[in-house]
Amino acid sequence: MTAFTVAIDGPAAAGKGTISKAVADRFGFAHLDTGLLYRAVGRRVLDGADAVEAAGQLEADDLDRGDLRTPEVSRAASRVAADPGVRAALAAFQRRFARRAGGAVLDGRDIGTVICPEAEVKLFVTASDETRARRRFEELRGKGLETSFETVLADQRARDAQDAGRADAPLAVAGDAVVIDTTEMTIEAAVGRAVAEIERVRRSV
Ligand code: CDP
C-alpha cells in the first residue's frame, strides 16, 4: 500500500489524541503523537540536558516514560518547541513516519503546515478554551493530580499563546484544513466527522 498521511493539528487538549487513535485503529494506519517528542525533550531539559542535544538523541525509552503528561512537562515542552534547533532535529523523523507505507496519522501543531504540507487529509481540531480546560482538568484529576480548573485554564492559555506566537512553525490552521470544532460534539461525533473526511478523500485518490 502507498503512503497516505492524515495530519491532525490543534491547540492543547482539543481531542487530537483521541481522534487520532480512533482513526488509526479504524483504517489500520500507524499513529505518531508528535507532542510526545516535545514532551520528552522538555522532560530531559528539566533533568538538566541541553534541548537541541536531547532532541537529536531521543530514544524510544524517552517516549515511554510515565511522567510526560504533567503540567510541568507541558510547560517545558512548549518552551523547547519554540527553539528552531529542537524542531529541526525532530523534523526528519516525523516526515519519514508520515510517508511510511500503509498510511500514517500524525497529531501536533504544525503537521499540516510545516512537517507534511502534502498530507492527503488535514484536520484542525479545536474547542472553546473552557471546554478544553475542563477536559484536561478532569483528565489530570483522574490521574490523581491536585489542581484547580482555574490553574489548568491559565496554563493552557499561556501555552496556546506561546505555541501560536512563536516565529518557527507556530500553531496555525492550514489553508486547506477541515476545521472540526468539538465544543458541542461528543467524541463519537468528532471521530465520525474525521472518518467521513478521510473516506471522502480515499474515494477520490
Ligand atoms: O496534549 P496537548 O494537546 O496538551 O499537548 P501536546 O500535543 O502533547 O504538545 C505539547 C507541546 O508540544 C505543545 O504545547 C507544543 O508547544 C509542542 N508541540 C509542537 O510544538 N509541535 C507539535 N507538532 C506537537 C507539539
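Now for a description of the structure that goes with this document. (Residues numbered from 1 in each chain as written. Predicted model: local features only at pLDDT ≥ 70, side-chain atom pairs only at ≥ 80, totals over all residues. Heavy atoms only, no water.)

The helix and strand inventory of the chain stands at ten helices and five strands. At 16 Å, the chain has a C-alpha radius of gyration in line with the 17 Å of a compact globule built from 205 residues. Principal-axis analysis of the C-alpha atoms places the extent of the chain at approximately 50 × 40 × 30 Å. Considering the chain as a whole, with its 205 residues, one finds that 48% of them fall into the buried category. Of the contacts made within the chain by residues no fewer than 6 positions apart, 78% connect residues no fewer than 24 positions apart. Side-chain charges of the chain comprise 30 positive and 33 negative groups, with the mean position of each set lying 3 Å from the other. (Helix = DSSP H or I, 4+ residues; strand = E, 2+ residues; numbered from the N terminus. Rg over C-alpha atoms; globule rule 2.2 N^0.38 Å. Buried < 20%, exposed > 50% of the residue type's maximum accessible area, 1.4 Å probe, protein only. Contact = heavy atoms within 4.5 Å. Lys, Arg positive; Asp, Glu negative; His and termini not counted. Charge placed at Lys NZ, Arg CZ, Asp CG, Glu CD.)

Moving on: the site of the ligand. Close contacts around the ligand come from 18 residues, with Arg39, Arg87, Arg136, Arg159 and Asp163 the closest. The separation between an oxygen atom of the ligand and a polar side-chain atom of Asp163 is 2.6 Å. One of the side-chain nitrogen or oxygen atoms of Arg166 is found 2.9 Å away from an oxygen atom of the ligand. Tallying contributions element by element places helix 2 (residues 34–46) first for the shell around the ligand, with four residues. Residue composition of the shell around the ligand, grouped by class: five nonpolar, four polar and nine charged. (Near = heavy atom within 4 Å. Polar contact = N/O pair within 3.5 Å; in protein donor to acceptor, adjacent residues only side chain to side chain. Nonpolar A, V, L, I, M, F, W, Y, C, P; charged D, E, K, R; others polar.)

Formed by 21 residues in total, the largest nonpolar core has its most connected members in Val6, Ile19, Val23 and Ile198. The set of elements that each furnish at least two residues to this core consists of strand 1 (5–9), helix 1 (16–27), strand 4 (121–126), strand 5 (178–181) and helix 10 (187–204). A per-element tally of this core places helix 10 first, with six residues. Membership of the second largest hydrophobic core comes to twelve residues, among which are Ala30, Ala104, Ile111 and Ile115. (Core = buried A, V, L, I, M, F, W, Y, C linked by side-chain atoms within 4.5 Å.)

What follows concerns the sheet that holds strand 5. In spatial order, the strands read 2-3-1-4-5; together these five strands make up an open sheet with parallel pairing. What marks the edges here is a single partner per strand, and that holds for strand 2 (30–33) and strand 5. Pairs of neighbouring strands in the sheet enclose a mean axial angle of 20°, with direction left out of account. By the bridge criterion, five bridges tie strand 1 to strand 3 (residues 104–108) in an arrangement that is parallel. Across the sheet, Thr5 pairs through a bridge with Ala104, a residue of strand 3. Against the sheet, helix 1 makes contact with strand 1, strand 2, strand 3 and strand 4, and its axis sits at roughly 180° relative to strand 3, the strand it touches most. The strands touched by helix 6 (residues 84–98) within the sheet are strand 1, strand 2 and strand 3, with strand 3 carrying the most contacts at an inclination of about 145°. (Pairing = 2+ DSSP bridges. Axes fitted to C-alpha atoms, helices over the stretch in contact; angles between N-to-C directions.)

Turning our eyes to something else, we now look at the environment of Arg136. As for its position among the elements, Arg136 is in helix 8 (residues 129–142). Under the relative-accessibility criterion, Arg136 is labelled buried at 18%. Between the C-alpha atom of Arg136 and that of Ala12, which follows or precedes it by 124 residues, the distance is 8.7 Å. Contact partners of Arg136, with chain neighbours within four places excluded, come to Ala13, Arg39, Val152 and Arg159.

Here helix 9 (residues 149–165) is 17 residues long and its end C-alpha atoms lie 24 Å apart, about the 24 Å a rise of 1.5 Å per residue gives. Buried within helix 9 are the following residues: Phe149, Val152, Leu153, Gln156, Arg159, Asp160 and Asp163. All buried residues of helix 9 project into a common sector of 135° when viewed along the axis, lining one side. In helix 9, the exposed positions angled more than 90 degrees off the buried face are occupied by Glu150, Ala161 and Gly165. Packed against the buried residues of helix 9 are helix 2, helix 5 (71–81) and helix 8. (Expected span 1.5 Å × (residues − 1). Arc of directions from axis to C-beta.)

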